[in-house]
Amino acid sequence: MPPEGATAAVSSPRTVVGSGTPQGCTGAAFMAAVAKGGVITFDCGPDPVTILLDRPAKVVNDTGPETVIDGGGAIWARGGRLKLVNVRIFGNACADVGPDVGGAAVRAFSQSAGLPVLVVHSTFGGAPGYGNACSNRGGVSSIGVSWSIYNSLFSHNRAVGRGGNPSLPGTPGGGSGGGGQSTTTGTA
């Protein structure tokens, strides 16, 4: 793995979103943390929490040398324009069976004006033990969306389903595209 693909130090976060319960992990709290930059961690209680955003969380250049979001990593995007630049997403899992389930790291639908999801200088998985896993497309996945991916690393991601898509009779479906797959073609 290239040096820039290594994990960031998160033991001294600038901001912790939440205070031990899901109620403190709101979209507004997350967006405020991103606006400050630095290392962001989460304290949302013992169970997984989904944080919904009603507008983009914007990273600005004057908040420090980097913004690190250490919170489970996965992104599900519908609408708007998803751009991933200098991100590392690893260790995520989604449903392990099903023909139309995919994208443990990133799942994208209906991007604004039909533009592709843009991925630049990013790592998905990256080393043994860091891969993302899902029934299909452990790294990135989409339906009806194209991708433009530049200078990015996809390794150790897995498609763990079985039976294909559409699923063969008597199987739950899945098993397509470990790193990524899209139902439309993109630029690689």
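Residues numbered from 1 in each chain as written. Predicted model: local features only at pLDDT ≥ 70, side-chain atom pairs only at ≥ 80, totals over all residues. Heavy atoms only, no water.

So, about the overall build of the protein. What the protein contains, in helices and strands, is one helix and 15 strands. Each of the 188 residues in the protein was classed as buried or not, and the buried ones make up 34%. Put simply, 77% of the contacts in the protein that link residues at least 6 apart link residues at least 24 apart. As displayed, the protein offers around 10,000 Å² of accessible surface, 54% of which is attributable to carbon and sulfur atoms. (Helix = DSSP H or I, 4+ residues; strand = E, 2+ residues; numbered from the N terminus. Buried < 20%, exposed > 50% of the residue type's maximum accessible area, 1.4 Å probe, protein only. Contact = heavy atoms within 4.5 Å. Areas by Shrake-Rupley, 256 points an atom, 1.4 Å probe, with all protein chains shown as cover.)

Okay, helix α1 (residues 27-36) next. All of the buried residues along α1 are G27, F30, M31, A33 and V34. Each buried residue of α1 lies within a common arc of 160° when the element is viewed along its axis, so the set occupies one face. Contact partners of the buried residues in α1: β1 (15-17), β2 (38-42) and β3 (67-70). G37 sits one or two positions beyond α1 and adopts a positive phi of about 75°. (Arc of directions from axis to C-beta.)

In this section: the pairing of strand β7 (residues 106-109). Burial of β7 is two-sided: the residues V106 and A108 facing one way and the residues R107 and F109 facing the other way are all buried. As paired elements, strand β4 (residues 75-78) and β7 share four bridges and run parallel to each other. What sits directly across from R78, in β7, is F109. Pairing between β7 and strand β11 (residues 140-143): four bridges, direction parallel. Bridging from a neighbouring strand, F109 pairs with I143 of β11. (Pairing = 2+ DSSP bridges.)

With that out of the way, let us pick up the packing of aromatic side chains. The final tally for this structure, using the stated rule, is four aromatic pairs. Pairing W76 with F109 gives two aromatic rings, centres 5.4 Å apart and planes at 45°, and the pair type is tilted. Taken together, the positions of W76 in strand β4 and F109 in strand β7 put the pair 33 residues apart, joining distant regions of the chain. Residue class for W76 comes out exposed when judged on its relative accessible area of 55%. Relative to F154, the ring of F124 lies with its centre 4.6 Å away and its plane at 10°, an arrangement referred to as stacked. (Phe/Tyr/Trp six-rings, centres within 6.5 Å; stacked < 30°, edge-to-face > 60°.)

Time to look at the sheet that holds strand β12 (residues 147-150). Here we have three strands laid out as an open sheet, ordered β5-β8-β12, and parallel in their pairing. The open sheet is flanked by β5 (83-85) and β12, the only strands paired with a single partner. If you compare each strand with its neighbour and ignore which way they point, the axes differ by 5° on average. Across four bridges, strand β8 (residues 117-120) lies against β12 in parallel orientation. Opposite V117, over in β12, you have W147 as the bridge partner. (Axes fitted to C-alpha atoms, helices over the stretch in contact; angles between N-to-C directions.)

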